[in-house]
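Examination of the molecular architecture
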Amino acid sequence: AVVSTQSTGASQVFFKNQDPCSLYFVNMFIDTTVGLLILYALVSLSRYLLRDGVYAWLKSGEYGNPPQAKAWLAQCGIYLAIMVVQKLLVSPLVLLPFWTKFRHFLFSPLEGHRKLEVVVVMLIVPFFVNAFMFWIQDNILMKRRKRRNSVQMEARINLLEDDQVELREALTPTANSSSTVALN
């Protein structure tokens, strides 16, 4: 009980002495760097564990043919669980002491411009960072499907090339054909 009381008191003092904008920015920074690596590792682990067998329908991006709502909902649940684990692993990193110097260095040019700091931290940076994160996360989640689709596309191209060769051969007159004899 004593440890939890001391931890609670220390965290309250820590957060009361912090600039919320810079704390939010550091949290976002860690989430988009270390958090993205953790996300990739956890999604890869889930793919490995669900690669074959009765749970193959839970693989990310595979919804069945025709698509099944059950598969989509289960995959959403897995992804949400992965995100919770990722957040639990990333959140304590915000409390590391060296972030105080980083925040001061980063936000010192905005000192005295509180409204500009809020606009930068709450609007401009999240817009670009979230767009980047959504793009990366989508690529992580759909990685396997895109690879399979590219293999299927390559096979279709090969079939088309084979058809073109056969068509060319069929249309090209040979030495023994009647059109060659008629021209002579």
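Topic: the nonpolar core
- Within the largest apolar cluster, 17 residues are counted, with the highest numbers of intra-cluster contacts made by Leu 36, Leu 39 and Ile 140.
- Of all the secondary-structure elements, those providing two or more residues to this core are helix 2 (20-49), helix 3 (69-90) and helix 5 (114-141).
- Not counting chain neighbours up to four residues away, the residues in contact with Ile 140 comprise Leu 36, Leu 39, Tyr 40, Val 43 and Arg 47.
- Within the second largest apolar cluster, seven residues are counted, among which are Val 26, Ile 30, Ile 38 and Val 94.

Examining helix 3
- For helix 3, spanning 22 residues, the distance from its first C-alpha to its last is 31 Å, which sits close to the expected 32 Å at 1.5 Å a residue.
- If you check which residues of helix 3 are buried, you get Ala 71, Gln 75, Tyr 79, Ile 82, Met 83, Gln 86 and Val 90. Relative to the axis of helix 3, the buried residues are bounded by an arc of 105° and lie together on one face. Every exposed residue of helix 3 that faces more than 90 degrees away from the buried side is listed here: Ala 69, Lys 70, Leu 73, Leu 80 and Leu 88.
- Those residues of helix 3 that are buried lie in contact with helix 2 and helix 5.

Observations regarding a nonpolar patch on the surface
- A surface patch of nonpolar side chains, amounting to about 530 Å² of accessible area, comprises Val 119, Leu 123, Ile 124, Phe 127 and Phe 128.
- Looking at the secondary structure, you find Ile 124 in helix 5.

Quick notes on the packing of helix 2 against helix 3
- Axis separation between helix 2 and helix 3 bottoms out at 9 Å; the angle between their running directions is 135°. As summarised for this structure, helix 2 and helix 3 are arranged oblique, according to the angle between their axes. Read as a crossing pair, helix 2 and helix 3 show a hand that is right-handed. Residue-level inspection shows Ile 30, Asp 31, Gly 35, Leu 36, Ile 38, Leu 39, Leu 42, Val 43 and Ser 46 of helix 2 in contact with helix 3, the latter providing Ile 78, Tyr 79, Ile 82, Met 83, Val 85, Gln 86, Lys 87, Leu 89 and Val 90.
- Taken together, the residues that form the contact of helix 2 with helix 3 break down as 13 nonpolar, three polar and two charged.

Re a negative patch on the surface
- A cluster of like negative charges, contributed by Glu 161, Asp 162, Glu 166 and Glu 169, occupies part of the molecular surface.
- With respect to the helices and strands, the residue Asp 162 is situated in helix 6 (residues 143-171).

Let's talk about the environment of Asn 27
- With respect to the helices, strands and loops of the structure, Asn 27 is situated in helix 2.
- Judged by its relative accessible area of 33%, Asn 27 falls in the partly exposed class.

Describing the packing of helix 2 against helix 4 (residues 98-107)
- Contact pair helix 2 / helix 4: the axes reach a minimum separation of 10 Å and the direction vectors enclose 110°. One element, helix 2, and the other, helix 4, form an angle in the roughly perpendicular class. Contact with helix 2, carried on its side by Cys 21, Ser 22, Leu 23, Phe 25, Val 26, Phe 29 and Ile 30, involves Trp 99, Phe 102, Arg 103, Leu 106 and Phe 107 of helix 4 and no other residues of that element.
- Here the contact of helix 2 with helix 4 is built from residues that sort into ten nonpolar, one polar and one charged.

Let's talk about helix 4
- All of the buried residues along helix 4 are Trp 99, Arg 103 and Phe 107. For helix 4, the angular spread of the buried residues around the axis is 50°, confining them to a single face. Along helix 4, exposed side chains directed more than 90 degrees from the buried face belong to Lys 101, His 104 and Phe 105.

So, how was this worked out
Residues numbered from 1 in each chain as written. Predicted model: local features only at pLDDT ≥ 70, side-chain atom pairs only at ≥ 80, totals over all residues. Heavy atoms only, no water. Core = buried A, V, L, I, M, F, W, Y, C linked by side-chain atoms within 4.5 Å. Buried < 20%, exposed > 50% of the residue type's maximum accessible area, 1.4 Å probe, protein only. Helix = DSSP H or I, 4+ residues; strand = E, 2+ residues; numbered from the N terminus. Contact = heavy atoms within 4.5 Å. Expected span 1.5 Å × (residues − 1). Arc of directions from axis to C-beta. Patch = residues over 30% accessible without salt bridge, like charges linked within 9 Å, V, L, I, M, F, W, Y side chains within 5 Å. Areas by Shrake-Rupley, 256 points an atom, 1.4 Å probe, with all protein chains shown as cover. Salt bridge = Lys/Arg side-chain N within 4 Å of Asp/Glu carboxyl O. Axes fitted to C-alpha atoms, helices over the stretch in contact; angles between N-to-C directions. Parallel < 35°, antiparallel > 145°, perpendicular 65-115°, else oblique. Left-handed = near helix turned anticlockwise from the far one by under 90°. Nonpolar A, V, L, I, M, F, W, Y, C, P; charged D, E, K, R; others polar. Lys, Arg positive; Asp, Glu negative; His and termini not counted. Charge placed at Lys NZ, Arg CZ, Asp CG, Glu CD.

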